[in-house]
Amino acid sequence: MARTLPLPQSVLIVGGGVFGLSTALALSNRHPDSQVTVLEQAQTIPNPHGSSVDSSRIVRADYANAAYAKLAADAIARWRTTDWGKEGRYSENGLVLVYPNGDSTAGQYVRKSYENVKALEADKVEFLPTKADVERVMPGYGVGSDVAGGYVNWGSGWSDAEAGVRFTRELLEKEGKVVFKTGQVERVLFAEDKGQGNGNGKRNQSRATGVRLSDGTTITAGLIVLATGAWTPKLVDLRGKAQSTGQALAYVRITDEEERRLAHMPTLLNFSTGMFIIPPRNNLLKVARHAYGYLNPKRVPVPGPKGDAGATMEVSLPETDVPVPPEGEKACRNALREMLPAFADRPFCQTRICWYTDTPKGDFIISYHPNHPGLFLATGGSGHGYKFLPVLGEKIVDAIEGNLEDGLRELWEWPAFAEGEELVPFEGCEDGSRSGPKGLKLMEELAKGKALL
Ligand SMILES: Cc1cc2nc3c(=O)[nH]c(=O)nc-3n(C[C@H](O)[C@H](O)[C@H](O)COP(=O)(O)OP(=O)(O)OC[C@H]3O[C@@H](n4cnc5c(N)ncnc54)[C@H](O)[C@@H]3O)c2cc1C
């Protein structure tokens, strides 16, 4: 049942990516008199190391889960018909999802996703029961050796993700209600709370009151929203609930003529390998892998009110400015060989590890912390959060106010575990769309040196 929780006068949003900026936008629209601050550790928004920033992100309603399909369809309507999608921020080129031979999780995901998008926009979707059918809609592309079939959705597209984040920041700057600050949060600050908590009836909890930055200064606020993406597991104990995984991206430089030729091809996402290719922009063709990814274990103090008591924990955290390890580079090279053989021997001009904040089932975490009133989390993007940029903040503010619709609240609420179970790390995100090896460690893979490509 709807219960509107009062919004504190001051709100501090930590993180200037999709989750943080969309929250700021929705808060400033709905609560113009509140004092909203966005704090970002990078010198610039868009942050080139943030997960929200890249040459392209797929925008699709193609989900096996109907709630995400519906929300993505709402987002696509805005990408298509409003300023969100203008000036090249959104292109609707179609998406081909393919599955391998054999009865696999990928095959089931593709079939459920097909049913969901067919129910939303039947005229844009075509099932492709054989490999030859897939090849028919992808002239000029190889589609992969193990492909059994798939479907095409001409109503899906992609977004220039750096431009999308810049546009959101500019919207906020034009409105002029949100204050931007630069600084790195070292820890959340707490005080004993004798009040009503988050309205959950729990008393005597530790209330989040502010943050301490790495330069020693503090910022206090009535509500702290952590939208810190893959860095969040350092600020809140999320063991068993979220872990950061590095994903492989590689870029090939192409000519204007080559870009023109590929510009209108549908995006191809091969669920048997996780490899995908989105049409190029700015003479860069990107090959990427949506997989279980690399872990990067680090030992850090256990955060929380007793965080300085000396206890430590091991969590996976982002490493930026490292290349893709040989194993990942080889996978990108093989994908080029299979999908775009004309580029098979073109050198990669750049590779990058980009960080997912994975949860066990790929659901976001958009929830108050159950034990700390005043602390709200908006994270757990699990490799699919970008597309929701035009609508996500409104849902996050619904959740802050305690009014999030049931279907989404159940997906995004604080994950419940049996006693003691939450400390068990999960092996990989099982959202039905992942492939590749599990448990790869980034530094071990990098130490293997340059692959023979
Ligand atoms: C390789 C890759 C491919 C993807 N493909 C798609 C796709 O095709 N379609 C799609 O919809 N989604 C995709 N996603 C997922 C999507 O991009 C993410 O879910 C989304 O961008 C996450 O946004 P965020 O705000 O949580 O994280 P971020 O954009 O990383 O923002 C978090 C911000 O918090 C800041 N921060 C962290 N810690 C601190 C601190 N202590 N103090 C101050 N600031 C801090 C960081 O600097 C960062 O800027 C992809 C992601 C990756 C990595």
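By the naming in an unreviewed UniProt entry, the protein chain goes by FAD dependent oxidoreductase domain-containing protein and is assigned to Paecilomyces lecythidis. Regarding the protein chain, the UniProt comment filed under Cofactor (unreviewed entry) reads as follows: "FAD".

(A) Quick peek at the site of the ligand. In the vicinity of the ligand, 32 residues are found, and the nearest of them are Glu 40, Ser 52, Ile 58, Cys 354 and Lys 387. Burial of the ligand by the protein chains amounts to 97% of its free accessible area of 1000 Å². Within the residue set of the shell around the ligand, elements represented by two or more residues are α1 (18-30), β3 (57-59) and β21 (348-358). Broken down by element, the shell around the ligand gets its largest block of residues, three residues, from β21. A class-by-class count of the residues in the shell around the ligand yields 13 nonpolar, 16 polar and three charged.

(B) Representation of helix α2 (residues 66-81). Here α2 is 16 residues long and its end C-alpha atoms lie 22 Å apart, about the 22 Å a rise of 1.5 Å per residue gives. Of all the residues in α2, the buried ones are Tyr 68, Ala 69, Leu 71, Ala 72, Ala 75, Ile 76 and Trp 79. Projected down its long axis, α2 shows its buried positions confined to an angular sector of 165°, all on one face. The residue sitting at the N-terminus of α2 and contributing the capping side-chain oxygen is Asn 65; that oxygen lies 2.7 Å from the backbone nitrogen of Ala 67.

(C) Highlighting empty space enclosed by the protein. Within the structure shown, the criterion is met by two cavities of 30 Å³ or more. Roughly 40 Å³ of volume is contained in the largest cavity. If you trace the largest cavity, you find it lined by Gln 243, Thr 245, Tyr 292, Gly 293, Leu 295, Glu 427, Gly 428, Gly 439 and Leu 440. If you add up the space inside the second largest cavity, you get close to 30 Å³. Lining the second largest cavity are Ser 55, Ser 56, Trp 158, Ile 278, Pro 279, Pro 280, Arg 281, Leu 284 and Lys 286. Going through the elements one at a time, β16 (275-281) and β17 (284-289) are the ones with two or more residues in the lining of the second largest cavity. Residue composition of the lining of the second largest cavity, grouped by class: five nonpolar, two polar and two charged.

(D) Broad picture of the pairing of strand β22 (residues 365-368). In this structure, β22 lies alongside strand β23 (residues 375-379), joined through four bridges in antiparallel fashion. Bridge pairing in β23 links Ile 366 to Ala 378. Hairpin connection, β22 to β23: the antiparallel pair is bridged by six residues, and Gly 374 has positive phi, about 85°.

Here is what the cut-offs are and how they apply
Sequence order sets the numbering: in each chain, residues are counted from 1 along the sequence as written. Only residues with pLDDT of 70 or above have their local features reported here, since the model is predicted, and side-chain atom pairs are shown and tallied only from 80 upward, although totals for entire chains, interfaces and linings are computed over all residues. Heavy atoms throughout the structure, all of them, feed into the side-chain values; hydrogens and water do not. UniProt positions are given in the numbering used here, feature names are shortened, and annotations may be inferred rather than shown by experiment. A cutoff of 4 Å decides nearness: a residue is near a molecule or strand if any of its heavy atoms lies inside that distance of it. Every accessible area reported is derived by Shrake-Rupley at a probe size of 1.4 Å, with residue values counting cover from the shown protein chains alone. Helix and strand labels come from DSSP, where a helix needs a run of H or I of at least four residues and a strand needs a run of E of at least two; each type is numbered from the N terminus. Under this grouping Gly is polar, as are all residues other than the nonpolar Ala, Val, Leu, Ile, Met, Phe, Trp, Tyr, Cys and Pro and the charged Asp, Glu, Lys and Arg. Under the convention used throughout, the expected extent of a helix is 1.5 Å for every residue step, that is, one less than its residue count. Burial classes follow relative accessibility: with a 1.4 Å probe on protein chains only, a residue under 20% of its type's maximum area counts as buried, one over 50% as exposed, and anything between as partly exposed. Working definition: the arc comes from the directions between the helix axis and the C-beta atoms, pointing outward to the latter. Polar contacts, as used here, are pairs of N or O atoms within 3.5 Å; protein pairs need one atom able to donate a hydrogen and one able to accept it. Residues neighboring in sequence count only if both atoms are side-chain atoms. The distinction between a cavity and a pocket rests on a 1 Å grid over the protein atoms alone: a 1.4 Å probe fits inside a cavity but cannot get out, while a pocket stays open yet meets protein on both sides within 12 Å along at least five of seven lines, and a residue with an atom within 4 Å of a point counts as lining. Grid points are joined across faces, edges and corners, and a volume is the space filled by probe spheres set on the points. Note: two strands are recorded as paired if DSSP finds a minimum of 2 bridges between them.

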